[in-house]
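Residue strings, one per chain:
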Amino acid sequence: MVFFKPEYASEIIKFLNEEVLKKALKMACTDLIKKIGGDTRKINFLMEKYIKTSERPKHGTRAIAVLLHDRQKELDLSNHEFAKFCDTFKLSPTELNNIYAGETFDDSLLAPLSRILGMAKEQLLKVRDGSEETSNT
């Protein structure tokens, strides 16, 4: 017996998983606040804070760092191997670590990053600077 069309089933499962995770997060935040003797009325604020910090960044150096991490996983390279790989494209291990640390980087690194990530420089600029900042207004 089929209750849902297959195209709806995955959306329902995703929604239920999100609800379960939110409930678990709320329980964990409640326990944490009670343990430290804090104000339990701040649970929703704490939940939003954790959700926001765990979301995938869309813009900025952190977004570039996530793209680099994804590329490393895609290539199935260790940290050391990936640093060597990047170095062959003229992105030094120090520069790579600076990006991972969230430091802003110079436009001179756009070309090596573009080659490493397989993205056009313009697309990389949009990720780094935010699409609204790179549009002509």
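A quick note: this is a predicted structure, and the numbers were derived from the prediction, not measured.

Draft legend 1. View of the nonpolar core. Residues Ile64, Leu68, Leu91, Ile99 and Leu113 are the most contacted members of the largest nonpolar core, which totals 19 residues. Every residue in contact with Ile64, bar those within four places of it in the chain, is listed here: Ile99, Phe105, Leu113, Leu124, Val127 and Arg128.

Draft legend 2. A look at the packing of helix H4 (residues 79-88) against helix H5 (residues 93-100). Running from amino to carboxyl end, H4 crosses H5 at an angle of 115 degrees, the nearest separation of the two axes being 9 Å. By the angle between their axes, H4 is roughly perpendicular relative to H5. Seen along the crossing, H4 lies across H5 with a hand that is right-handed. Where H4 approaches H5, its residues Phe82, Ala83, Cys86 and Asp87 are matched on the opposing element by Pro93, Leu96 and Tyr100. Classifying every residue of the contact of H4 with H5 by side-chain character gives six nonpolar, no polar and one charged.

Draft legend 3. Region of the structure containing the packing of aromatic side chains. Summed over all chains, the structure comprises two aromatic pairs. Summarising the aromatic geometry, the rings of Phe82 and Phe85 are spaced 5.9 Å apart at their centres and angled 25 degrees between planes, so their arrangement reads as stacked. Remark: Phe85 and Phe82 occur in helix H4; sequence separation between them is three residues, near one turn of the helix. For Phe82, a relative accessible area of 0% puts it in the buried group. When the ring of Phe85 is compared with that of Phe89, the centres are 5.0 Å apart and the planes differ by 65 degrees; the resulting orientation is edge-to-face. Three or more aromatic residues joined by ring pairs form one cluster here, namely Phe82, Phe85 and Phe89.

Draft legend 4. Just the pattern of salt bridges, in detail. Throughout the structure, instances matching the rule amount to five salt bridges. Across the pair Arg71 and Glu74 runs a salt bridge, and its minimum N-O distance is 2.5 Å. Placement of the pair is Arg71 and Glu74 together in helix H3 (residues 61-75), with a separation of three residues, close to one helical turn. Judged by relative accessible area, which is 60%, Glu74 ranks as exposed.

Thresholds applied
Residues numbered from 1 in each chain as written. Predicted model: local features only at pLDDT ≥ 70, side-chain atom pairs only at ≥ 80, totals over all residues. Heavy atoms only, no water. Core = buried A, V, L, I, M, F, W, Y, C linked by side-chain atoms within 4.5 Å. Buried < 20%, exposed > 50% of the residue type's maximum accessible area, 1.4 Å probe, protein only. Contact = heavy atoms within 4.5 Å. Axes fitted to C-alpha atoms, helices over the stretch in contact; angles between N-to-C directions. Helix = DSSP H or I, 4+ residues; strand = E, 2+ residues; numbered from the N terminus. Parallel < 35°, antiparallel > 145°, perpendicular 65-115°, else oblique. Left-handed = near helix turned anticlockwise from the far one by under 90°. Nonpolar A, V, L, I, M, F, W, Y, C, P; charged D, E, K, R; others polar. Phe/Tyr/Trp six-rings, centres within 6.5 Å; stacked < 30°, edge-to-face > 60°. Salt bridge = Lys/Arg side-chain N within 4 Å of Asp/Glu carboxyl O.

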